[in-house]
Every structure is written in C-alpha cells, then in structure tokens.
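# Remarks on the overall topology
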Amino acid sequence: QYFYTVRVISSDGKTFLSDYDHTGVSASFVGKAAVASLSGETGGVLVKWNALSGASKYRVFRKNDSGSWTTLADVSGTSYTDASAVSGKTYTYTIRALDGSGNYVGTYDSTGKTITYYATPTLVKAEREGSGIRFTWEAVEGVTKYRVYRKLNGASWANIADVSGVSYL
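Keep in mind that what you see is a predicted model, and the values were worked out from it rather than measured.

## Concerning the packing of aromatic side chains
Inspection of every chain in the model, using the stated rule, returns five aromatic pairs. Between Tyr91 and Tyr93 the ring centres are 6.3 Å apart and the planes differ by 45°, which places this aromatic pair in the tilted class. Each member of the pair, Tyr91 together with Tyr93, is buried. Taken together, the ring pairs connect Phe135, Trp137, Tyr146 and Tyr168 into an aromatic cluster.

## A few points about the sheet that holds strand S5 (residues 44-49)
Backbone-to-backbone hydrogen bonds join strands into a sheet, with any given pair of strands oriented parallel or antiparallel. An order of S4-S5-S8 is seen for the three strands of this open sheet, with the pairing classed as antiparallel. Edge positions in the sheet fall to strand S4 (35-41) and strand S8 (79-82), since each has one partner strand and no second. Strand-to-strand twist across the sheet, computed as the mean angle between neighbouring axes with direction ignored, equals 20°. For S4 and S5, the ladder comprises six bridges, and the chain directions are antiparallel. The partner of Gly40 across the bridge, within S5, is Val45.

## Quick word on the confidence of the model for the protein chain
A residue-level look at the protein chain finds 99% of positions with pLDDT of 70 or above and a mean pLDDT of 93. Within the protein chain, strand S2 (residues 25-27) has the poorest average pLDDT of any element, 82, and S8 the best, 98.

## A few points about the sheet that holds strand S17 (residues 167-168)
Read from one edge of the open sheet, three strands run S13-S14-S17, paired in antiparallel fashion. The open sheet has two edge strands, strand S13 (123-129) and S17, and neither has a second partner. Two strands pair when backbone bridges link them, and S13 and strand S14 (residues 132-137) are joined in this way by six bridges, in the antiparallel orientation. Residue pairing across strands places Arg128 opposite Ile133, the latter belonging to S14.

## Notes on the pattern of salt bridges
Taken as a whole and judged by the stated rule, the model has six salt bridges. Linking Arg59 and Asp74 is a salt bridge whose minimum nitrogen-to-oxygen distance equals 2.7 Å. Pair noted here: Arg59 is in strand S6 (residues 57-63) and Asp74 is in strand S7 (residues 69-75), with a separation of 15 residues, a long-range link. For Asp74, a relative accessible area of 39% gives the class partly exposed. Across the pair Lys89 and Asp65 runs a salt bridge whose closest N-O atoms are separated by 3.3 Å. Residue Lys89 is found in strand S9 (residues 89-98), and its partner Asp65 is found in the loop between S6 and S7; the two are separated by 24 residues along the sequence.

Definitions and cut-offs
Residues numbered from 1 in each chain as written. Predicted model: local features only at pLDDT ≥ 70, side-chain atom pairs only at ≥ 80, totals over all residues. Heavy atoms only, no water. Phe/Tyr/Trp six-rings, centres within 6.5 Å; stacked < 30°, edge-to-face > 60°. Buried < 20%, exposed > 50% of the residue type's maximum accessible area, 1.4 Å probe, protein only. Pairing = 2+ DSSP bridges. Helix = DSSP H or I, 4+ residues; strand = E, 2+ residues; numbered from the N terminus. Axes fitted to C-alpha atoms, helices over the stretch in contact; angles between N-to-C directions. pLDDT = per-residue confidence, 0-100. Salt bridge = Lys/Arg side-chain N within 4 Å of Asp/Glu carboxyl O.

Okay, here's the thing in structure tokens:
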C-alpha cells in the first residue's frame, strides 16, 4: 500500500509555498501479472501463473481472431484450463490481477503468451494382429506425426516409434 501527497514549492525548489494533504491518497501495487506457462493437456490449454500478494482473483483473457482480448474467466487460484480450445489452432493468453472489489491492480503483460494447441489423441482400439498388437487412434487436427510409447506394469513409458499414420503394429 502506497500513499501519495503533493505540495507547492518555489521555482528554485528551496521554499515550500503550500501545505500538503496529510492523509494523502492511497494506491496498492501488487506487481505484474503474467502467464508463467502454457501447455496442451487433455481437455484444453492449461494456463498457469504465479500468485501476486494483494490479488484476490485473476481474470484470464484470450486474444480473439480480430486481435482484441476476450475474457474467459475470473479465477481464485493460479491456473485455468481453456476447454474451448480447438486442436491445431494458435492462441495467445494473458491475465490481470483483481482486488477483493473486482478492480484491476498492478500491471499485466499486454503481449501475452502464445501456444498452438493439439488435442490428446483418442485411442480407438487395440487388437491382436499376426505376431503383435495393432492399436489405432483418431487423427488430431493439424498433426502429421505421432510418437508412440509403451510401458509394462510398474515400468515407465518408453518411446518405441514415430509414425505418420493413425495406427501402429
């Protein structure tokens, strides 16, 4: 919380020519709200930011096709999932901090942070074929290549192939 006041001084700066408002006016400054990270997750784009002291909520914005900002949500925490994101499309996000009355506080990143979102591939089926297992998935809009992983019970996922289609044997 900052307090400000002002008084009149002589042109040479050596003499006070007026009194000042002893109460002053107050203003809070909580810092700069900015997107810390964006990631494509199952269900949409996950937007994360760091908490700012003095902020009660955060307003999440996404740049629309005309280049102006559209409000997506007011959030109490430090993350938001944009479930309306469409696979293969590029999005830009920013956030603004709000005080308990819903007023903007601090500054914000007017440029925002950008991501091209790709939906999580949906596995369709897995069938025994010859000496292996063929599994297929639905194509993801805007994608030409996929990385296939496999794991055994209790083990970690291991990369086994990069493919251009929507199935692997």
